[in-house]
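One letter stands for each residue in the lines below.
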Amino acid sequence: MLKKFMGGGNKKPSKSDSADAVAVAGNNVVVNHASRGALPAPAPNPAGIGSGQPPPSGIMEVLPAFRDVPVGERQNLFLRKLQVCCFLLNFSDTLKNVREKEIKRQTLMELVEFIQSGCGKLSENCQEEMIRMISVNIFRCLPPASYENTGQEGTDPEEEEPSMDPAWPHLQLVYELLLRYVVSSDTDTKVAKRYIDHSFVLKLLDLFDTEDPREREYLKTILHRIYGKFMVHRPFIRKAINNIFYRFIYETERHSGIGELLEILGSIINGFALPMKEEHKLFLVRALLPLHKPKSLAMYQQQLSYCITQFVEKDFKLADTVIRGLLKYWPLTNCQKEVLFLGELEEVLEATQPGEFQRCMVPLFRQISRCLNSSHFQVAERALFLWNNEHIVSLIAQNRTVILPILFPALEKNISSHWNPAVHGLTMNVRKMFLEMDAEFFEQCQKQHAEEEAKAKDVEEQRELTWKRLADAAAQNGVDDMVTD
């Protein structure tokens, strides 16, 4: 009877049937959009079970519940339920295929409960067909991103409304089934890795570009669990995530799932063994630090900052590399990004040891000096807030003879001419802190600054006098059209 049922699944459906409920054989569901990464070619399906072709009548069969059949027949029933779930239905029209949608939803829920209950270890055939059914449902063409529809490249990703997939009620259950299978103690990794292979992982990573945050959350959890359970896949997953970052940084600057991928990496970095491998240090320099470059940094800055700080906490010698990397990608015209950079810099400095601090403090405080004089009050204010951190103040106090001469002109300029009262007040507080650290050295800096200001004034006066002499000479020679202002 089962052979007859499976044999009927290979017959060609009528045109009217295929218009309402589409079923696809094996993994043959990949339709790439031009804007999305290409997925690997689908593998043929020699077995008829996972084909999902509808029976000649075009009616989806209602199958009995697992509890209503003998234990010995449940594996076969499991296969038949997988076949039902291979039907792909039209969710863009809520009034279409209402009966079929409910049957598939109930069937998916039964499959999830069956895996979760641990009623029995699945045969290899069942595992293979389950992964095939999951692939049929989740590996699909992602809809064009909102900016592709409008053609407006200049839109802010933070202001765009995410696109919610109408098929999510079914997709969620498919993802839940995959998650339960991966985390189940009955799942043998030696068997499962035949089906959850590199090709499967790559396709899973491609889906991180979906605009639906609910789907990205499931993908994040599943990929993290796969990384934890399948040790053989770990280097491959890290390399594949690397490649996604490279394409995002240097080609597209558009990707919906960078934040979720960084969350996974945050956990992975936390588990790195010491001494840290050269591969991991290269990942920091070549992938993580350049992620500060794209305009959409605010979308994933919190997760990126956590990853960067994890590296410094793991290996304090990387603090100099990280700080110099931040200075390399420091924004020149984007004040909001500057505020984010200053916040991340504070977190990194909090984990920085005195020796590493001394290696980078000169270029670091030259940049902080420029931030103190920023006409954008939030940038200046955030830079001055660094002195609220006791660890940073301690590092500055130990190296005040180097740092104060760099900062003193900026502090004096703020006090004399900054337009914002809050920045003016904070600058006075910082100036007072330096005075209390070392009053004698502060007076030396003050004296030196006054001398430099006097010299600069003399140079300016001499320059103006020279131009006046040139103007007078030109007037005496009758060159009336010379600009003298």
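The name given to the chain in an unreviewed UniProt entry is Serine/threonine protein phosphatase 2A regulatory subunit, and the organism recorded there is Stylosanthes scabra. Quoted verbatim from the Function (unreviewed entry) field of the UniProt record, the comment on the chain reads "The B regulatory subunit might modulate substrate selectivity and catalytic activity, and also might direct the localization of the catalytic enzyme to a particular subcellular compartment." Of the comments in the UniProt record for the chain, the one headed Sequence similarities (unreviewed entry) reads "Belongs to the phosphatase 2A regulatory subunit."

Once that is clear, we can look at the packing of helix α11 (residues 234-252) against helix α13 (residues 278-288). At a minimum axis separation of 10 Å, α11 and α13 run at an interaxial angle of 20 degrees. With respect to their mutual orientation, α11 and α13 come out roughly parallel. At the point where α11 passes α13, the crossing takes the left-handed sense. Across the interface between the two elements, Arg238, Asn242, Phe245, Tyr246, Ile249 and Tyr250 from α11 touch Glu279, His280, Phe283, Arg286, Ala287 and Leu288 from α13. Looking at side-chain class alone, the contact of α11 with α13 contains seven nonpolar, two polar and three charged residues.

Right, let's get into the packing of aromatic side chains. Here the structure, examined in full by the defined rule, presents 14 aromatic pairs. Between Tyr175 and Tyr218, the ring centres sit 6.1 Å apart and the planes meet at 20 degrees, which makes this aromatic pair stacked. Here the residue Tyr175 occupies a position in helix α7 (residues 168-183), and Tyr218 occupies one in helix α10 (residues 213-229), the gap between them amounting to 43 residues. Accessibility classification places Tyr175 together with Tyr218 in one group, the buried group. Between Phe248 and Tyr300, the aromatic rings sit 5.8 Å apart at their centres with planes inclined by 75 degrees, giving edge-to-face as the arrangement. Of this pair, Phe248 sits in helix α11 while Tyr300 sits in the loop between α13 and α14 (301-314), and the two are 52 residues apart along the sequence. Pair check on accessibility: Phe248 and Tyr300 agree, each one buried. What links up through ring pairs into an aromatic cluster is the set Phe66, Phe78 and Phe114. If you follow Lys81 out to its NZ or CZ, it ends over the ring of Phe66, 5.3 Å from the centre. Over the ring of Phe91 we find Lys101, and its NZ or CZ is 4.9 Å from the ring centre.

The full count for this structure, using the stated rule, is zero disulfides. For Cys335, which is in no disulfide, the shortest distance to another cysteine sulfur is to Cys371 and amounts to 9.5 Å.

Moving on to unusual backbone geometry. Residue Leu274 is joined to Pro275 through a cis peptide bond whose omega torsion reads 0 degrees. One can find Pro275 in the loop between α12 (258-270) and α13. Of note, Glu253 is a non-glycine position whose phi angle comes to about 55 degrees, a positive value. The topology assignment puts Glu253 in the loop between α11 and α12.

Quick notes on the rules
Residues numbered from 1 in each chain as written. Predicted model: local features only at pLDDT ≥ 70, side-chain atom pairs only at ≥ 80, totals over all residues. Heavy atoms only, no water. UniProt positions renumbered as here; feature names shortened; annotations may be inferred. Axes fitted to C-alpha atoms, helices over the stretch in contact; angles between N-to-C directions. Helix = DSSP H or I, 4+ residues; strand = E, 2+ residues; numbered from the N terminus. Parallel < 35°, antiparallel > 145°, perpendicular 65-115°, else oblique. Left-handed = near helix turned anticlockwise from the far one by under 90°. Contact = heavy atoms within 4.5 Å. Nonpolar A, V, L, I, M, F, W, Y, C, P; charged D, E, K, R; others polar. Phe/Tyr/Trp six-rings, centres within 6.5 Å; stacked < 30°, edge-to-face > 60°. Buried < 20%, exposed > 50% of the residue type's maximum accessible area, 1.4 Å probe, protein only. Lys NZ or Arg CZ within 6 Å of the ring centre and 35° of its normal. Disulfide = S-S within 2.5 Å.

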